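Chain by chain, the residues run as shown.
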Amino acid sequence: MTEKWFPSLPEFATPEDERLHRKQRLAAGFRLFAKFGFEEGVAGHITARDPIEPDTFWVNPFAVPFAHVKQSDLIRVDHNGEVVEGNYHVNTAAFAIHSQVHAARPDVVAAAHSHSTHGRALSALGATLEPITQDVCAFYNDHALFDDYTGVVTDIEEGKRIAHALGDNKALILRNHGLLTVGQSVDSAVFWFITMERSCQVQLLAKAAGTVVHIDEEQAAKTHEQVGTDFVGWLSFQPLYAKISREQPDLLD
Ligand SMILES: [Zn+2]
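Residues numbered from 1 in each chain as written. Predicted model: local features only at pLDDT ≥ 70, side-chain atom pairs only at ≥ 80, totals over all residues. Heavy atoms only, no water.

Novice: How should the overall build of the protein chain be read in this particular structure?
Specialist: If you tally the helices and strands in the protein chain, you get 7 helices and 8 strands. What you see for the protein chain is a C-alpha radius of gyration of 18 Å, in line with the 18 Å of a compact globule of 253 residues. Across its three principal directions, the C-alpha atoms of the protein chain cover 60 × 50 × 30 Å. In the protein chain, which comprises 253 residues, the share counted as buried stands at 51%. Long-range pairs, those at least 24 residues apart, make up 70% of the contacts in the protein chain with a sequence separation of at least 6. Surface summary for the protein chain: the accessible area is close to 12,100 Å², and the carbon and sulfur share equals 52%. Each charge sign in the protein chain was given a centre, from 21 positive and 34 negative side chains, and these centres are 5 Å apart. (Helix = DSSP H or I, 4+ residues; strand = E, 2+ residues; numbered from the N terminus. Rg over C-alpha atoms; globule rule 2.2 N^0.38 Å. Buried < 20%, exposed > 50% of the residue type's maximum accessible area, 1.4 Å probe, protein only. Contact = heavy atoms within 4.5 Å. Areas by Shrake-Rupley, 256 points an atom, 1.4 Å probe, with all protein chains shown as cover. Lys, Arg positive; Asp, Glu negative; His and termini not counted. Charge placed at Lys NZ, Arg CZ, Asp CG, Glu CD.)

Below is the structure:
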């Protein structure tokens with residue numbers, strides 16, 4: 001019997017290879033966010049911790065459309081908010097939120113945030129995700145609500161409060177604002193964001209249509225173990241990456 005292909009986690013010969021890989025995945029993340037319509041003006045950011053200088057992170061260049069972001073456009077920002085690589089400014093909110101999330105969670109390689117429509121709608125209700133589908137169980141006892149709103153996040157004290165509310169979870173609903181997801185790879189953080197946004201949509205649709213049926217606690221917890229691991233998040237991103245990098249190969253430039 002011939003061996004069957006199955007995606008496996010990448011390995012790198014050098015830290016420079018790993019850096020390039022992260023930047024390529026990050027650029028793909030922006031292209032996918034654009035495709036899914038998650039962009040709202042200049043709001044929204046995805047960050048990737050740098051493998052060589054891990055107290056710095058890569059992020060999108062300010063005011064460049066997600067649909068245009070190339071690997072070589074990404075900027076690297078240090079823990080003081082200074083751009084240490086790249087020719088663009090950094091979004092102040094991106095630094096205020098993401099620097100504190102990366103500092104509080106050494107396990108987190110990437111964090112994604114945007115003002116996607118259904119996430120924003122659920123956040124306006126101050127609600128969390130209910131275990132009403134198999135997919136949403138990825139977030140069962142694994143997301144939290146930041147139950148406050150104090151204007152556009154521009155200072156790191158607010159970023160610290162957001163990181164504290166995130167705790168050990170993979171995702172956070174920022175009340176009256178939007179969603180935030182994290183992962184041990186860019187791949188998983190981006191996939192969690194995409195699936196979380198859709199789960200918000202499903203919950204809003206289902207509850208508007210009638211009375212939802214909850215998956216019982218035991219099954220929801222078991223399903224979380226099946227669909228909610230970081231590896232599953234990584235794996236689920238692979239077809240999306242294959243699709244977007246074939247369709248828009250300039251993202252790798
Ligand atoms: Zn925001």
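Having seen the structure, we can now continue with the description.
Novice: How do you make sense of the pairing of strand β7 (residues 171–174) when you look at a structure like this?
Specialist: Remark: a regular strand shows side chains that alternate across the two faces of the sheet. Residues A171 and I173 line one face of β7 and the alternating positions L172 and L174 line the opposite face, and both faces are buried. Bridge analysis of strand β6 (residues 143–146) against β7 gives 4 bridges, and the strand direction is parallel. Bridged to H143 within β7 is A171. Judged from the 4 bridges that link them, β7 and strand β8 (residues 178–183) form a sheet pairing that is antiparallel. By the bridge assignment for β8, L174 is matched with G178. The loop that links β7 with its antiparallel partner β8 comprises 3 residues; one of these, N176, has a positive phi angle of about 60 degrees. (Pairing = 2+ DSSP bridges.)

Novice: Would you mind going over the coordination of the zinc ion with me for this structure?
Specialist: Reference geometry at the metal: tetrahedral coordination by four donors gives ideal angles of 109.5 degrees; octahedral coordination by six donors gives 90 or 180 degrees. In the first shell of the zinc ion, the protein supplies H113 (NE2), H115 (NE2) and H177 (NE2), at 2.0 to 2.1 Å from the metal. The sequence pattern describing where the donors of the zinc ion fall on their chain is H-x1-H-x61-H. Placement of H115 in the loop between β5 (110–114) and α3 (117–124) and of H177 in the loop between β7 and β8 is noted, with a sequence separation of 62 residues between them. No difference in accessibility class separates H115 from H177, as the two residues are buried. (Donors = N, O, S within 2.8 Å, 3.2 Å for Na, K, Ca; no water.)

Novice: Looking at this structure, how should I read the sheet that holds strand β3 (residues 75–77)?
Specialist: Across a sheet, strands are paired by hydrogen bonds formed along the backbone, either parallel or antiparallel in direction. Pairing is mixed in the open sheet, where 8 strands are placed in the order β4-β3-β2-β1-β5-β8-β7-β6. Edge positions in the sheet fall to β4 (83–85) and β6, since each has one partner strand and no second. Across the sheet, the mean angle from the axis of one strand to that of its neighbour is 25 degrees, orientation sign disregarded. (Axes fitted to C-alpha atoms, helices over the stretch in contact; angles between N-to-C directions.)

Novice: Before we go on, may I ask you to explain helix α4 (residues 156–166) in this structure?
Specialist: Since the α-helix advances by 3.6 residues per turn, residues separated by three or four positions end up pointing in the same direction. Of all the residues in α4, the buried ones are E158, G159, I162, A163 and L166. Down the axis, α4 shows its buried residues gathered within 145 degrees of arc, on one side only. On its buried side, α4 packs onto α2 (92–104), β6, β7 and β8. Measuring from the backbone nitrogen of E157 back to the side-chain oxygen at the start of α4 gives 2.9 Å, which picks out D155 as the cap. (Arc of directions from axis to C-beta. Polar contact = N/O pair within 3.5 Å; in protein donor to acceptor, adjacent residues only side chain to side chain.)

Novice: Before we go on, may I ask you to explain the nonpolar core in this structure?
Specialist: As a rule of thumb, soluble globular proteins bury nonpolar side chains together. Formed by 38 residues in total, the largest nonpolar core has its most connected members in L26, F33 and F139. Only α1 (15–35), β1 (45–49), β5, β7, α5 (186–209) and α7 (230–247) provide two or more residues apiece to this core. Counting 15 residues, the second largest nonpolar core, distinct from the first, contains A111, A144, F146 and I162. (Core = buried A, V, L, I, M, F, W, Y, C linked by side-chain atoms within 4.5 Å.)

Novice: Which parts of the structure should I look at to understand α1?
Specialist: Here α1 is 21 residues long and its end C-alpha atoms lie 30 Å apart, about the 30 Å a rise of 1.5 Å per residue gives. G37 occupies a position one or two residues after α1 and carries a positive phi of about 75 degrees. (Expected span 1.5 Å × (residues − 1).)

Novice: What exactly am I supposed to notice about the environment of D148 here?
Specialist: Relative to the assigned elements, D148 resides in the loop between β6 and α4. Among all residues touching D148, those that are not within four sequence positions of it are R161 and R175. Looking at D148, its side chain comes within polar contact range of the side chain of R161, at 2.7 Å.

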